[in-house]
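Fold and contact review
Residues per chain are reported as follows:
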Amino acid sequence: MPHLKANPFDTSRLEQALAESQTMTFVATSFGNKETLIGVEHCGEEFLLQLKPDENGVLLKYDKVTRPLKVALLKEAIALVAQELDLEILSSNIAFSSSKAALSSQYFKKIEAFEGMVYPKEKLCVEVGFGSGRHLLYQAKKNPDTLYIGLEIHTPSAQQVLGQIELQQLDNIWVVNYDARLFLEMLPSNKCEQIFVHFPVPWDKKPHRRVISPSFIEESMRVLKKDGQLELRTDSDAYFWYALETFFASLKTEVTVYKNKALEVTSKYEARWLRQEKDIYEVHVRTLLESPPKTEVIDFNFNEVKYTDKLKECLPQKAVIYEGYFVHFERIYTISKHALLIKCAFGSFDRPEHKYLLLDAQSCRYFVSPPVKTSVNFQAHQALKALLMPSEGEDYV
Ligand SMILES: C[S@@+](CC[C@H](N)C(=O)[O-])C[C@H]1O[C@@H](n2cnc3c(N)ncnc32)[C@H](O)[C@@H]1O
């Protein structure tokens, strides 16, 4: 990732440089000036750069939480800030192009894009954890009138399948590099024909990490059309029985079980189990009812939240755990007498959000953008909001 090392410099230059800058929007320092964050606006995108003391000088680099997708943008911003601060550069890698292929294909969709999404095809199917993508690619080729959304948390697999989509000139697959357990919330009700869950990781020792759960089934049944179906394939006895029990608890569904039913395409995992002569279980869960439309309104505003003098002392220093989510104010940076930048983590334990809050005497907002609109993020947002508005005499520390 782009970075630059420079000789130590007089940090009092920062204020002057900020006043004259075309790129920097604010400078925020952590307690004891150990770390400085520079707010940057470049080519219409907002993000942060970190300025840290290094063995022989300073390191100017990207910030993980707000990193823009385009590496070129980061490199340009680092070069501009270095120029504006008049840094004496010792070494940098900003002249070279990144060797890692970015998830930049038109078929790669960020989860945020699903808010109010217009779908280009009438029919929609979802595959959870597509791995090598054999099944996903096969289905998409066979059914060009259907859009396939492939969900995969393993980035190299997502990248590899994006390459295959381009190579095979398919226009009906979208790849989403996000946790399937949270993604389904982004889909409208009664939208999907099929959801495939083939050979999910059984997580025998950490069952809370399993894809199949009561809430996943509930969401699946909501997004599936009436008569739509979820298809699970697994080689694990324990997972099969666990899933069956979970499916049976779901109302108004029809559950069908198959053993050693062959598919037209064999996935990489399935091929391995077949070589080992293992039994393969398949379960279909069919929705028998239409679901009501999704009506929950999620609004990530902070309305009355603003900077107060006692805020720094009042915020809890440790993570606050609620049922199913948490909030943690990780670090506070000072921008000016009445403005703070707060780094926080919050939301679900499996897929927490990492964000900054930009807070001054007038208002508060997420920097750079609000979290993904899931109900667990909304619950955590409300907890953040409450903690940021301590009432008289309240002390959370
Ligand atoms: C055992 S592999 C099976 C891959 C493929 N379905 C097959 O049959 O070859 C499970 C895949 O699910 C992905 N995965 C695990 N949990 C996931 C989640 N919560 N959301 C999306 N993908 C997930 C893993 O990264 C992995 O690629």
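Residues numbered from 1 in each chain as written. Predicted model: local features only at pLDDT ≥ 70, side-chain atom pairs only at ≥ 80, totals over all residues.

Considerations on helix H2 (residues 71–84)
- For H2, which comprises 14 residues, the first-to-last C-alpha distance of 20 Å matches the rise-based estimate of 20 Å (1.5 Å per residue) to within 8%.
- Turning to H2, its buried residues are Leu74, Lys75, Ala77, Ile78 and Val81. In an axial view of H2, the angular spread of the buried residues amounts to 165°, which keeps them on one side of the axis.
- Of the surrounding elements, those touching the buried residues of H2 are strand S1 (3–6), strand S2 (24–30), strand S3 (36–42), strand S4 (45–53) and strand S5 (58–62). (Helix = DSSP H or I, 4+ residues; strand = E, 2+ residues; numbered from the N terminus. Expected span 1.5 Å × (residues − 1). Buried ≥ 20, exposed ≤ 12 C-beta atoms within 10 Å, placed from the backbone. Arc of directions from axis to C-beta. Contact = placed C-beta atoms within 7 Å.)

A look at the site of the ligand
- Taken together, 22 residues lie near the ligand, and Gly129, Gly131, His154, Ala180 and Ser267 sit nearest.
- Elements that contribute at least two residues to the shell around the ligand include exactly helix H5 (180–183) and helix H8 (268–275).
- Residue contributions to the shell around the ligand peak at three residues, all from H8.
- Residue composition of the shell around the ligand, by class: ten nonpolar, seven polar and five charged. (Near = placed C-beta within 6 Å. Nonpolar A, V, L, I, M, F, W, Y, C, P; charged D, E, K, R; others polar.)

Points about the nonpolar core
- Ranked by size, the top nonpolar core spans 47 residues in total, and within it Ile149, Leu151, Phe183, Cys192 and Ile195 carry the most contacts.
- Filtering out sequence-adjacent residues up to four positions away, Cys192 remains in contact with Leu124, Cys125, Val126, Leu187, Val223, Leu224, Lys225 and Gly228.
- Of all hydrophobic cores here, the second largest spans 40 residues; its members include Leu51, Tyr62, Leu87 and Tyr333. (Core = buried A, V, L, I, M, F, W, Y, C linked by C-beta atoms within 7 Å.)

Observations regarding the environment of Thr256
- Structurally, Thr256 can be placed in strand S12 (residues 253–259).
- Of the residues examined, Thr256 has 11 C-beta atoms within 10 Å and is grouped as exposed.
- Each C-alpha atom, one on Thr256 and one on Thr287, is 12 Å from the other, the two residues being 31 residues apart in sequence.

Observations regarding the domain arrangement of the chain
- Segmentation of the chain into domains returns domain 1 (3–92), domain 2 (111–287) and domain 3 (311–387).
- Each of domain 1 and domain 2 has a C-alpha centre, and the two are 42 Å apart. (Domains from an automatic or database assignment.)

Quick look at the sheet that holds strand S10 (residues 192–198)
- Strands sit in the order S9-S8-S7-S10-S11-S13-S12 across an open sheet of seven strands; the sheet is mixed. Only two strands of the sheet have a single neighbouring strand rather than two, namely strand S9 (173–176) and S12. Strand after strand, the sheet turns through a mean of 15° between neighbouring axes, direction not considered.
- Relative to strand S13 (residues 281–287), S12 runs antiparallel, the two being bridged by seven bridges. Bridging across to S13, Lys259 finds its partner in Tyr281. (Pairing = 2+ DSSP bridges. Axes fitted to C-alpha atoms, helices over the stretch in contact; angles between N-to-C directions.)

A closer look at the confidence of the model for the chain
- Per-residue pLDDT for the chain has a mean of 90; in total, 96% of the residues score no lower than 70.
- Note that residues 96–101 has pLDDT below 50 and, in this model, two contacts with residues that lie over four places away or in other chains. (pLDDT = per-residue confidence, 0-100.)

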